[in-house]
Amino acid sequence: MKKRSVTAVITAFAMALSLSACAQRAQEDENVIVRESEPASFAGCAANCGCGCSNCFCDGEAGTAAPETSTAASTQTVPETQTASATETQTQTQTPPGETQETNETEGGMVVELTEGELAARREQQANLAKAREALYKAGDSLDKTTKINQLDKQILANNAYDFSDKTVVFIGDSITEGITSSVDQNGNYISYVTYVNSYLHFGNVLNHGMGGRMFAQYGGDELSLAMNFENVTNINSDIIVVFAGVNDYLCTPPNKHFGSVTDTMTTGNFCGAVRYFMKQLKEYYGDREIFFVTMYDINKKPNCTYVDFNGQPTLADFMEAERKLAKEFGFHIIDLQGTGFMDCSTKEASDYYLRDGLHPKDSGSIALGEHIAAELSLYFGQKEGN
């Protein structure tokens, strides 16, 4: 795509922050159907992380936290079992009162026809907004920074130019993806960031494969390791795979912990080796799909653990950098929350606003996270189709 002028970027930035209207649409003859964007109004902690939640890896007991009840767009979850044939968590969209349930048909005003010229105008606007957002990534991390990025995310989604209605997406992760301790819908199902991604992009099929306690490595045993349970967390019919994991690898405190090296190709007994093995399997079996890895947003939790192969304590940034390097090596896409400072919750102000317990998102965090991931997917697929 041709480089935009500095003037275009500044104009887009100012436009986004004031929540202005979309760019002027050009008119062409050929029509393409896309869905209109619609704004959405835990187990899984690691050992000794100090979150105090129940039904999670650090708690060690079965139990259920008392989540809030919400009437927002909801996620319907089929209980997950440990067998390979029944490990898929099916997500369907429950539309807000007064609207019809989401389908792939052109009902209820949920899809519209846009000409090629209108789609091109949307892609151009998205590109300008993305450049304005890049400038914000360089600013110091703060609640205000994330708020401004979120405003741009919403503008990017308002200019969505890609139809996801025939795509199956699989979200793989831990309690943050599962949504434990988040609000629940009227049926008692968790509402995680996955719900909000789908409320904007309207996939044909959504599978939420988040489960509390999951991590890449075997620190918590084979059952919780993504690397060791590859066939149970993936789906052969997926078109898009989004992986959001790694914080439990950082937080857990087993004795004689191994961090590993990104160049290690011989063992899965450490974090880096386990991530490599998981990504290697993704590349081998799903190399023709679109695969995205999401790095963890910064938090203020700092575990105290003895590492056999690391001088001192690796930080969350060290864990995410290893994940980032390996994702680049295998050619996967990266949605870099940690690297860009999006939803940085290392300060009390941001943590209190976005997180319930210093780790898991409350509703405001799930919404911002969902809108950001949705914006990244919209940008990538829209620009790809336009090239």
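Residues numbered from 1 in each chain as written. Predicted model: local features only at pLDDT ≥ 70, side-chain atom pairs only at ≥ 80, totals over all residues. Heavy atoms only, no water.

A. Representation of unusual backbone geometry. One non-glycine residue, His202, lies in positive phi territory at about 55 degrees. Here His202 is to be found in the loop between α5 (193-201) and β7 (205-210). Phi at Asn256 takes a positive value of approximately 50 degrees, unusual for a residue other than glycine. Here Asn256 is to be found in the loop between α7 (247-251) and α8 (271-286). A relative accessible area of 52% places Asn256 in the exposed class. (Helix = DSSP H or I, 4+ residues; strand = E, 2+ residues; numbered from the N terminus. Buried < 20%, exposed > 50% of the residue type's maximum accessible area, 1.4 Å probe, protein only.)

B. Representation of the confidence of the model for the chain. Summarising the model, the chain shows a mean pLDDT of 79, and 71% of its residues fall at 70 or more. Here residues 15-111 scores under 50 on pLDDT; set against residues more than four positions off or in separate chains, the count is 252 contacts. (pLDDT = per-residue confidence, 0-100. Contact = heavy atoms within 4.5 Å.)

C. Up close: the environment of Asp239. Here Asp239 is to be found in the loop between α6 (230-233) and β8 (240-244). Taking the C-alpha atoms as reference points, Asp239 and Tyr286, separated by 47 residues in sequence, lie 8.9 Å from one another. The contacts of Asp239, once residues within four sequence positions are left out, are Asp166, Lys167, Thr168, Arg289 and Glu290. Only 2.8 Å separates the side chain of Asp239 from the backbone nitrogen of Thr168, close enough to count as a polar contact. (Polar contact = N/O pair within 3.5 Å; in protein donor to acceptor, adjacent residues only side chain to side chain.)

D. Inspection of the packing of helix α2 (residues 116-137) against helix α12 (residues 363-386) at higher detail. Packing of α2 against α12 leaves a shortest axis separation of 10 Å and a crossing angle of 135 degrees. Taken together, the axis directions place α2 and α12 in an arrangement best described as oblique. Crossing hand, α2 versus α12: left-handed. Touching Arg123, Gln126, Ala127, Ala130, Arg133 and Tyr137 of α2 are His372, Ala375, Glu376, Ser378, Leu379, Gly382, Gln383, Glu385 and Gly386, all from α12. Of the residues that constitute the contact of α2 with α12, the class distribution is five nonpolar, six polar and four charged. (Axes fitted to C-alpha atoms, helices over the stretch in contact; angles between N-to-C directions. Parallel < 35°, antiparallel > 145°, perpendicular 65-115°, else oblique. Left-handed = near helix turned anticlockwise from the far one by under 90°. Nonpolar A, V, L, I, M, F, W, Y, C, P; charged D, E, K, R; others polar.)

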